[in-house]
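# Remarks on the overall topology
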Amino acid sequence: PLGTTATTMGPYVGNSLLGVLGGCWRLLGTTAVPAQSPLEPATMLLPNGADIHATLDAISPRLPQGLSAQRPGRRSEQVETMLAAFHANLTALSWIALIVGLFLVYNTVTISVVARRQEIGTLRALGLSRNKVLLLFFGEAASLATAGVVLGLGLARLLADGAVTMTSRTVSTLYIAAVAAPPQMTIEHVWIAIAIGLPLSLIAAAVPAIEASRVPPTAAMRGHDTLDMRVRFKMLPLVLALVFLAAAYAFAQLPPVGRRPVFGYISSFAIVIGGAFLVPAIMWGLARAGRAFLRRQLGVEGLLAHANLTSAIPRLSISVAALAVSLSMMVAIAVMIGSFRDTVVYWIGQTLQADLFIGPGIRPSVGSEQTVSADVIAAISKHPDVTSIDRFRNVDFVYQGNLAVLGAGSFDVVLDHGSLLFKSPANARDAVRAAMNQDAVVISEPFATRYHKKDGDTIEIDTPQGPRPFRVAAVYYDYSSDRGMAVMHRTTFQKYFGDLAPTGVAAYLKDGADPERVRTEMLASLDEGHRAFIFSNRALRNEVLQVFDSTFAITYALEVIAVVVAMLGVAGTLLALVLERRKELSLLRLTGADRRQVRRMVIIEAAMIGAVSQGTGLAVGLALSLVLIYVINVQSFGWKIGRAHV
């Protein structure tokens, strides 16, 4: 999720490691049957109308130890959960852009009201009722909405193609291999666009339309009428802001609902609304404190700009709040992504210590069951520059009704050549070394968070010999899979699951050996029947970061759209203020102000609006980033973003 959210797709970059991250056991989720079992994975077709859950309950007790019956949909449910995170992220950002667009409609109708006040007064003097004036501007807003819907539907196809292109690689790599394409535009999409765009546009136009209906006829015709400038400070927005911010803090303390950070989302929304209500109070505070400073530093132009903005705070606060909200979302996402990227860079820098990573000759994706053959491993091991290799294997297993990953790696190789970032205990490396050849595992942070486990606890894993307890020797940091991983020493894995072929191999080279040269020589030594992917350390790190950056590309694109729309809204507000003060500006010119001074005054006004928007957006964005990092991210994926320690 943001937060996700967001905030939220970046954590799956680890799956792009081709399942071959050596000592840190970055293992792709695969389904495997123990080697000593005579059975291959089997599928069953049920009669129409059969109860799948009842069938599972009936079959499971009859199976031998180590075997289980699962719905094929179990994996698809995992995929659907991950794709739902994508959907929620993009939908949330789209709604933000749409809501910010409401402010643009508001400003557009306001400009129309300001520019035609004399015309409105004439119509009112000729007998047009207030209700009909109101309907006129609602009709104008409806016309704008209709035009926006038509243009939006046309642009939607182009944007959808771009969005699919930007996200399909990530989805295929991290979730499920598929050829993605946007759906065909149907009449249903048209009606949805109308049902959303038209009512929201009318809501946005309501305030200026009501103000237009209240224009005094005679005063407007004589040009003596101006928009009502309510210069008194009102406590209600400040009180509402404090209430929403307090509610945001309270919601952030609540636990998730079924692994969904529902209250985290509510907290984020409350922060945004609270920040918007806080804008008028901030502007009033700066207006009281900044008058002398502007007069001293910017002269009469600064003083006039201050007076103009102070009198227009009630109307300006809406546009400033819109821009502040857009900027806050961009700041929050940027802080979260930047922190996450920095953490991932540090993590892979510490954990990817092997020089070469060897995977199956078919590029893996989620659900891949490819393994590295013994001939390939032998060819790699015989290279004179190879000092040590780490073969690792992983299988899916069901833990407390959920899919998790069970991995096998060589603890001694990891501790001697590699590096692993441990969360606990303090003497984790000694604990892992002591766990070799014992019924013990090390678990990832997402596994520990999801199932409330810590070092010293025991987890039960189904094996071909039946359920067995395994002691948790240590917890390590992991940012590649939210399902959680439990990793045991290779000999322990062979004891219970047999000597299964590895899903990947990590090779450590002699000091001074050129990884690229060794990689080329290894590939040349493999014949046509024994192919493998061999990645150097640098190439694999670049692959990880490329997938990471592509994951968030669409997020940045939608954020930019929201900010651009908000900037247009601020520009519209300034235009409305200039139109409203045409006579005032004419008087300034008559009394000696030149064009440069008038331009300078307007630029100062724009700079003040930008400063308030940016300052408010920065503060609200930092608050949002805290919720994204420490609430939504942890509750969604089970890991915390932050520098880990060896």
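Residues numbered from 1 in each chain as written. Predicted model: local features only at pLDDT ≥ 70, side-chain atom pairs only at ≥ 80, totals over all residues. Heavy atoms only, no water.

### A closer look at unusual backbone geometry
Each neighbour pair has its own omega, and for S424 with P425 the value is -10°, a cis peptide bond. Mapped onto the fold, P425 is located in the loop between β4 (422–424) and α12 (428–434). If you check the backbone angles, N437 has positive phi at about 65° while not being a glycine. Mapping N437 onto the fold places it in the loop between α12 and β5 (440–444). Of note in the backbone geometry, H452 takes a positive phi value of approximately 55° without being a glycine. For H452, the location among the structural elements is in the loop between α13 (445–451) and β6 (458–463). (Helix = DSSP H or I, 4+ residues; strand = E, 2+ residues; numbered from the N terminus.)

### Considerations on the pairing of strand β9 (residues 504–509)
Burial analysis of β9 places six of its six residues in the buried class, the great majority of the element. The two faces of β9 match: G504, A506 and Y508 on one face and V505, A507 and L509 on the other face are all buried. Sheet analysis places strand β1 (residues 356–360) next to β9, joined by three bridges and oriented antiparallel. Bridge pairing links F357 to A506 in β9. Alignment of strand β2 (residues 386–399) against β9, held across six bridges, turns out to be antiparallel. Within β9, the position partnered with R391 by the bridge is V505. (Buried < 20%, exposed > 50% of the residue type's maximum accessible area, 1.4 Å probe, protein only. Pairing = 2+ DSSP bridges.)

### Concerning the nonpolar core
Core analysis: the biggest nonpolar cluster contains 36 residues, and V344 and L624 have the highest contact counts within it. Tallying contributions element by element places helix α9 (residues 313–351) first for this core, with 10 residues. Residues within four places of L624 in sequence aside, it is in contact with S268, I271, V272, S328, M329 and A332. Counting 22 residues, the second-largest nonpolar core is a separate cluster that includes A404, A448, I461 and V472. (Core = buried A, V, L, I, M, F, W, Y, C linked by side-chain atoms within 4.5 Å. Contact = heavy atoms within 4.5 Å.)

### As for the pattern of salt bridges
As enumerated under the stated definition, the model contains eight salt bridges in all. Here R517 and D385 are joined by a salt bridge, their closest N and O atoms 2.8 Å apart. Remark: D385 occurs in the loop between α10 (374–381) and β2 and R517 occurs in helix α15 (residues 515–525); sequence separation between them is 132 residues. Linking D499 and R490 is a salt bridge whose minimum nitrogen-to-oxygen distance equals 3.3 Å. Taken together, the shared-partner salt bridges in this structure form one network comprising D385, R517 and E521. (Salt bridge = Lys/Arg side-chain N within 4 Å of Asp/Glu carboxyl O.)

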